[in-house]
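Below, each chain spelled out in residue letters.
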Amino acid sequence: MINGGHVIIYSRDAEADRAFFRDVLEYPHVDAGAGWLVFKLPPTELAVHPTEGPETQELYLMCDDVDATVRTLAAKGVEFVQPVTDARWGRLTRFRLPGGGEVGMYEPRHERATDL
């Protein structure tokens, strides 16, 4: 039986991005050896969206109050690359990782599968 998932973020500066998840987001982690940190994620959902373009993956972190979370993370030096916008399914923004990648963050308006 499948009992978990593993998300991978490819980064041009993996050390900086690992430090971000460890020090800024304060995610619990284990050292898989030689400083290779693997982080515990909050409860996670999976959605499958149709596309006419290339098949890709995205990472969105969820929060209860996007405005408060933006303020907290901005005070820690996190760069937001998109203002908070409204969508039918939630209020969303994006921030930049130290390695240059971007992560979406949103406050869902829909029932959360993590609550099942």
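Please read these numbers as outputs of a predicted model, since none were measured by experiment. Every chain's residues receive numbers from 1 upward, in the order its sequence appears when written. Side-chain atom pairs in this predicted model are given and counted only at pLDDT of 80 or more, local residue features only at pLDDT of at least 70, and totals for whole chains, interfaces and linings cover all residues. Excluding hydrogens and water, the side-chain figures rest on all heavy atoms present in the structure.

1. Thoughts on the pairing of strand 4 (residues 79–87)
Across six bridges, the pairing between strand 4 and strand 5 (residues 90–96) is antiparallel. In the strand pairing of strand 5, Glu79 is matched with Arg96. When DSSP finds two or more bridges between a pair of strands, those strands are recorded as paired. Going along the chain from the N terminus, every DSSP run of H or I of four or more residues is numbered as a helix, and every run of E of two or more is numbered as a strand. Connecting strand 4 to the antiparallel partner strand 5 that follows it, the hairpin turn spans two residues.

2. Side note on the side chain of Thr93
Relative to the assigned elements, Thr93 resides in strand 5. Accessibility here uses a 1.4 Å probe with only protein chains present; expressed as a share of the type maximum, an area under 20% marks a residue as buried, one over 50% as exposed, and anything in between as partly exposed. The buried category is assigned to Thr93, whose relative accessible area is 1%. A distance of 2.4 Å separates a polar atom in the side chain of Thr93 from the backbone oxygen of Gln82. Setting aside residues no more than four positions away along its own chain, Thr93 makes contact with Val66, Val70, Phe80, Gln82, Pro83, Val84, Val103, Gly104 and Met105. A 3.5 Å cut-off defines polar contacts: any pair of N or O atoms within that distance qualifies, except that in protein one atom must be a possible hydrogen donor and the other a possible acceptor, and neighbouring residues in sequence count only when both atoms are side-chain atoms. We call two residues in contact when some of their heavy atoms are within 4.5 Å.

3. Regarding the packing of aromatic side chains
For Phe, Tyr and Trp, where Trp contributes only its six-membered ring, two rings pair if their centres lie within 6.5 Å, and the inter-plane angle classes them as stacked under 30 degrees, edge-to-face over 60, or tilted in between. Scanning the model with the defined rule gives eight aromatic pairs in all. Aromatic side chains Phe20 and Phe21 sit 5.7 Å apart centroid to centroid with 90 degrees between the ring planes, which places their arrangement in the edge-to-face category. Comparing Phe20 with Phe21, the two get one shared label, buried. Aromatic rings pair up to connect Phe20, Phe21, Tyr27, Phe39, Phe80 and Phe95 into one cluster. Lysine and arginine charges are scored as sitting over a ring when NZ or CZ, respectively, is within 6 Å of the ring centre and within 35 degrees of the ring normal. Directly above the aromatic system of Trp36 lies the positively charged group of Arg18, at a separation of 4.2 Å from the ring centroid. Against the face of Tyr60 rests Arg94, its NZ or CZ located 5.8 Å from the ring centre.

4. A word on the layout of surface pockets
Definitions used for this entry: grid spacing 1 Å over protein atoms alone; cavity, a set of points where a 1.4 Å probe fits but cannot get out; pocket, an open set with protein on both sides within 12 Å along at least 5 of 7 lines; lining residue, one with an atom within 4 Å of a point. Grid points are joined across faces, edges and corners, and a volume is the space filled by probe spheres set on the points. For the second largest pocket, the calculated volume is near 280 Å³. Around the second largest pocket sit Val7, Ile8, Ile9, Tyr10, Gln57, Glu58, Leu59, Arg94, Leu97, Gly101, Glu102 and Val103, which together line it.

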